[in-house]
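Residues per chain, in single letters:
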Amino acid sequence: VRSGKLGLGTEDGALKLLSGVAGGVTRGDLEGAWKGTKSLLSLYPHDPGVQRLAAAVLLRLGRAVEAEAHARESLRLDGTDPDAWTVLAWSLLRQGKRRAAAAAALSALGLDPAAPGAAAALTALGLPAAAPRGTPGPAAVAQGVVPALSGGVPRSGQPAAPPLSG
């Protein structure tokens, strides 16, 4: 959450909301966590971290389509966040969009080779849990120029993921 004047009056208000969201997730109160996340979204709609948080909470709620939308918005705001790429990978995987999920996971690993969630997504897809040498970064994925993966074998000429804006 970025600094500045908040609708809650102080930065402490946002921190309390974040703490409440984290506590809700820890307690298994995902609906409560989502309620707090929606409050943060209303205050900080252009904060990529808040968008990523919304994607993660929605994913845990089983709302993969909505999670994908928030992950994509987070990436539109900051395409260099490996955690947002990871959440996008899992939201796509849960929707059965295997090629796009693999491309998103590879983008996360291209930014952070130690991203465990991205490696786990590749493993869930039956692919090696590490980014191959020379893996294109997220900008190439966003432009649709990365070869898609099918059965773990790169195939040229196919876009890896839909564009981030849409």
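Residue numbers restart at each chain and count upward from 1, following the sequence in its written direction. In view of the model being predicted, local features appear only for residues whose pLDDT reaches at least 70, and side-chain atom pairs are presented and counted only at 80 or more, with totals across whole chains, interfaces and linings using the full set of residues. To get the side-chain values, take all heavy atoms of the structure and skip hydrogens and water.

Student: Explain the pattern of salt bridges to me, please; I cannot follow it from the model alone.
Tutor: Side chains that carry opposite charge are capable of pairing whenever their charged atoms lie near each other. For this analysis, a salt bridge means a side-chain nitrogen from Lys or Arg found within 4 Å of a carboxyl oxygen belonging to Asp or Glu. As enumerated under the stated definition, the model contains 5 salt bridges in all. Across the salt bridge formed by Arg52 and Asp81, the nearest N and O atoms sit 2.3 Å from each other. On the criterion of sequence distance, the pair formed by Arg52 in helix α3 (residues 48–60) and Asp81 in the loop between α4 (64–77) and α5 (82–94) is long-range, its members being 29 residues apart. A simple rule labels every residue: compare its accessible area, found with a 1.4 Å probe on the protein chains alone, to the largest value its type can have, and call it buried under 20%, exposed over 50%, or partly exposed in between. Given a relative accessible area of 25%, Arg52 falls into the partly exposed group. The closest approach of N and O atoms between Glu66 and Arg63, which form a salt bridge, is 2.7 Å. The network of salt bridges with common partners includes Glu68, Arg72 and Lys97. Runs of H or I in DSSP of at least four residues are treated as helices and runs of E of at least two as strands, each being numbered from the N terminus.

Student: Please explain α3 as it appears in this structure.
Tutor: Residues three or four positions apart in an α-helix share a direction because the helix packs 3.6 residues into each turn. Helix length check: α3, at 13 residues, gives a terminal C-alpha distance of 18 Å against a target of 18 Å (1.5 Å per residue), a fit within 8%. Looking only at α3, the buried set comprises Pro48, Val50, Gln51, Ala54, Ala55, Val57, Leu58 and Leu59. Nitrogen and oxygen atoms within 3.5 Å of one another constitute a polar contact, given that in protein one can donate a hydrogen and the other can accept it, and given that sequence-neighbouring residues count only through two side-chain atoms. Where α3 begins, one side-chain oxygen reaches toward the backbone nitrogen of Gly49, 2.7 Å away; that side chain belongs to Asp47. Once α3 finishes, Gly62 follows within two positions and takes phi at roughly 85°, a positive value. To estimate how far a helix should reach, multiply one less than its number of residues by 1.5 Å.

Student: I would appreciate a short explanation of the nonpolar core in the present structure.
Tutor: Soluble globular proteins: nonpolar side chains tend toward being buried together. Nine residue types can take part in a nonpolar core, namely buried Ala, Val, Leu, Ile, Met, Phe, Trp, Tyr and Cys, and a core is a set of them joined through side-chain atoms within 4.5 Å. Grouped together as the largest cluster of nonpolar side chains are 38 residues, with contacts concentrated most on Leu88, Leu122 and Leu125. Going through the elements one at a time, α1 (11–27), α2 (30–43), α3, α4, α5, α6 (98–111) and α7 (116–124) are the ones with two or more residues in this core. Broken down by element, this core gets its largest block of residues, 8 residues, from α6.

What is shown is where atoms sit, not what they do.
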